[in-house]
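# Breakdown of the fold
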Amino acid sequence: MLLQVLGTAAGGGVPQWNCACPGCSGARAHPHWRRRHASLAVQASEDRWYLINATPDIGDQIEDCPALHPGPGSRRTPIAGLVLTDAELDHTLGIARLREAGVDGLELLTTTPVRDALTSGLRLEAVIGPYTPLTWRDLPFDRAEPLIPGSRKPTGSPDPAITVTAIPISAKRPRYAVDSAGPGAVPVGGAMGSVDPWVVALLLTNRATGATAVYAPALAAWPEALQSAVAEADCVIVDGTFWDDEEPRRTGISARTATGMGHLPIDGPDGTAERLAPLGARCLYTHLNNTNPLVDPDAPQYKRLAERGIEVAGDGMVIQL
Ligand code: MLT
Ligand code: MN
Ligand code: ZN
């Protein structure tokens, strides 16, 4: 399984256009500090890729990744579709950027609440539909969905036959969708109780090799189903928005804590580093907010993570599993 890290920043990116915090100012002075919005490309077959989330940077992210370039032929793209972990603007605004797909259309794999938010809240179908048809496919919780339908080649095949399964994380809605109850409010049952799957993690599996990766860029909670998935995974890429719970208040960007904003912090007794450290998987953080001290590549916090065997994902990183 081949994963291309297209971006590793939280909403706003690094630097954020209206921000002169130390991280954003540092990124203006030192280009290697820069991070685009968090996104991942997954190779589904030899020349077909799915993008996980569609960020405002999607055009530049495609240009910076040769595997995603079009050709041969003037309008042949290797991008087969999009998988969405949630309906947040930093993960969906890029869909409009792909409207030039034209008659070829765009395929989107989403949960029901995410689809409803995009069609009712953002009116994406109405606005983008006249440019390119949108094809919606359900992102299932109870089975492994082949990214490329019908791709069930036997073991040993060169076709990676990648499947995706959603893991419900939280009912945190985007701010533009707080009032839209809709059919998406139907809870999903599970061992951890019921949760409206507004935010999910993705379990990616290579059927041919058994390799698995978990991608979870937004973690308001750490449900039992996530713990089960990461315990078995080869690679785990998770929400590293804030270093500690007080960071948003301390830096003045919010009156809420990290947890209150829907992001478990990295550090602290209940931090996600405590959960990642014991895992056998290769573990990496992504979705870094520009206030996160990890934006500075020389921050001492890198050593603390390294001591626990945890990495921070970087834009352009290639992960082969
Ligand atoms: C989040 O990660 O919490 C959201 O993306 C916030 C936002 O974009 O406003
Ligand atoms: Mn975000
Ligand atoms: Zn900033």
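Preceding this paragraph is the structure being described.
Conventions we followed
Here, residues in each chain are numbered from 1, in the same order as that chain's written sequence. Naming scheme: in the order in which they are written, chains are lettered from A and ligands are numbered from 1. Totals for whole chains, interfaces and linings use all residues, but because this is a predicted model, local features are given only for residues with pLDDT of at least 70 and pairs of side-chain atoms are given and counted only at 80 or more. With hydrogens and water set aside, each side-chain value is computed from the structure's full complement of heavy atoms. At least two DSSP bridges between two strands are required for those strands to pair. Here a helix means four or more residues in a row that DSSP labels H or I, a strand means two or more in a row labelled E, and each is numbered from the N terminus. For every residue, the accessible area (1.4 Å probe, protein chains only) is compared with the maximum for its type, and the residue is labelled buried under 20%, exposed over 50%, or partly exposed between those bounds. It is the directions from the helix axis to the C-beta atoms whose arc is reported. We call two residues contacting when some pair of their heavy atoms lies within 4.5 Å. Sites may look incomplete because water is not among the atoms; the donors themselves are N, O and S atoms within 2.8 Å of the metal, or within 3.2 Å for Na, K and Ca. Here an axis means a line fitted to C-alpha atoms, over the contact stretch when the element is a helix, while the angle between two N-to-C directions is reported on a 0 to 180 degree scale.

This part covers the sheet that holds strand S11 (residues 235–239). Read from one edge to the other, the open sheet built from seven strands follows the order S7-S8-S9-S10-S11-S12-S13, with strand pairing classed as mixed. In this open sheet, the two strands that pair with only one neighbour each are strand S7 (145–146) and strand S13 (310–312). Where strand S8 (residues 162–170) meets strand S9 (residues 199–206), eight bridges bridge the pair, whose relative direction is antiparallel. Considered in S9, the bridge of Ile-162 is made with Asn-206.

The next subject is helix H7 (residues 224–232). Looking only at H7, the buried set comprises Leu-226, Ala-229 and Val-230. One face of H7 carries all of its buried residues, which in axial projection span an arc of 95°. Buried-residue contacts for H7 involve S8, S9, strand S10 (212–216) and S11.

Those protein atoms acting as donors to the zinc ion (ligand 3) are Cys-19 (SG), Cys-21 (SG) and Cys-24 (SG), and they sit at 2.2 to 2.3 Å. Read in sequence order, the donor residues for the zinc ion (ligand 3) give the motif C-x1-C-x2-C. For the residue pair Cys-21 and Cys-24, the accessibility class agrees, reading buried in each case.

To continue, consider the sheet that holds strand S6 (residues 134–138). Overall, mixed pairing links the seven strands, which are arranged S6-S5-S4-S3-S2-S1-S14 in an open sheet. Strands at the two margins of the open sheet, each flanked by one partner only, are S6 and strand S14 (318–320). Here the strands of the sheet are splayed against their neighbours by 25° on average, with no regard to which way each runs. Taken together, the five bridges between strand S5 (residues 106–110) and S6 define a ladder with parallel strand orientation. Residue pairing for S6: Glu-107 is matched across the bridge by Thr-135. Where helix H5 (residues 112–121) meets the sheet, it contacts S5 and S6, and its direction lies at approximately 155° from that of S6.

Inspection of the secondary structure assignment puts Pro-15 in the loop between strand S1 (2–7) and helix H1 (22–29). Here the alpha-carbon distance between Pro-15 and Asn-289, two residues 274 residues apart in the chain, equals 9.7 Å. With sequence-adjacent residues up to four places away left out, Pro-15 is seen in contact with Cys-24, Ala-27, Arg-28 and Arg-34.

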